[in-house]
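Topology and contacts: notes
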Amino acid sequence: LDSLDASRPPLDEARRAPDAEVRWRAHFNLGLVALRRGLRAGPDSGRQELDVAIALYRRALLLRPGDVDAKWNYELALLRKRGGGGG
């Protein structure tokens with residue numbers, strides 16, 4: 001958790017990698033960074049991070065539609081954004 005901000009620039013660069021696996025991992029992990037930040041933030045300030053997480057997980061799922069972890073995190077971000085719980 002202490003390196004979330006430091007992980008963003010290299011992961012953002014990896015989203016443009018020619019290798020599909022690297023791109024998928026970058027989208028997934030950037031989504032995880034945004035999800036964690038959104039879950040830690042208050043209801044109003046976390047919405048923007050949750051929007052980012054949702055967009056990144058959507059892209060990850062386009063690259064690998066059957067990934068259950070990406071689906072879980074996507075649904076968690078949607079649920080929290082709508083004001084629901086999560087865990």
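Cut-offs applied
Every chain is numbered on its own, with residues counted from 1 as its sequence reads. Whole-chain, interface and lining totals are the exception, using all residues; otherwise, since this is a predicted model, local features are given only for residues with pLDDT of at least 70 and side-chain atom pairs are given and counted only at 80 or more. The basis for every side-chain value is the complete set of heavy atoms in the structure, and neither hydrogens nor water enter the calculation. Only one rule defines a salt bridge in this text: a Lys or Arg side-chain nitrogen within 4 Å of an Asp or Glu carboxyl oxygen. Labels follow the DSSP assignment, with helices taken as runs of H or I lasting at least four residues and strands as runs of E lasting at least two, numbered in each case from the N terminus. For the exposure calls, accessible area comes from a 1.4 Å probe over protein chains only, and a residue counts as buried if that area is under 20% of its type's maximum, exposed if over 50%, partly exposed in between. For every element, the axis is a line fit to its C-alpha atoms; helices are fit only across the contacting stretch, and the angle between N-to-C directions ranges from 0 to 180 degrees. Roughly parallel means an angle under 35 degrees; roughly antiparallel means over 145; roughly perpendicular covers 65 to 115; every other angle is labelled oblique. Helix crossings fall into two classes, left-handed where the near helix is turned counterclockwise from the far one by less than a right angle and right-handed where it is turned clockwise. In what follows, a contact means two residues having at least one pair of non-hydrogen atoms within 4.5 Å. Each nonpolar core is a collection of buried residues, namely Ala, Val, Leu, Ile, Met, Phe, Trp, Tyr and Cys, held together in the definition by side-chain atoms within 4.5 Å.

**Quick notes on the pattern of salt bridges**
Applying the stated criterion to the full structure yields eight salt bridges. Taking the shortest distance from any N to any O, the salt bridge between Glu 49 and Arg 8 comes out at 2.8 Å. Of this pair, Glu 49 sits in helix H3 (residues 46-63) while Arg 8 sits in helix H1 (residues 4-14), and the two are 41 residues apart along the sequence. Between Asp 12 and Arg 16 there is a salt bridge, with its nearest N and O atoms 3.9 Å apart. For Arg 16, a relative accessible area of 57% puts it in the exposed group.

**Quick word on the packing of helix H2 (residues 20-40) against helix H4 (residues 68-81)**
The geometry of a pair of packed helices is captured by two quantities: the angle between their axes and the separation between those axes. At a minimum axis separation of 11 Å, H2 and H4 run at an interaxial angle of 30 degrees. Here H2 lies roughly parallel to H4, going by the angle between them. H2 and H4 meet at a crossing whose hand is left-handed. Touching Phe 28, Leu 32, Leu 35 and Leu 39 of H2 are Asp 69, Ala 70, Asn 73, Leu 76, Ala 77 and Arg 80, all from H4.

**Section: the nonpolar core**
Leu 35, Ala 53, Tyr 57, Tyr 74 and Ala 77 are the most contacted members of the largest nonpolar core, which has 15 residues in total. When residues of this core are traced back to their parent elements, those giving at least two are H2, H3 and H4. If you tally residues by element for this core, the top one is H3, at six residues. Once residues lying within four places of it in the same chain are set aside, the contact partners of Ala 77 are Leu 35, Leu 50, Ala 53 and Ile 54.

Note that all results are geometric; they support no functional claim without further evidence.
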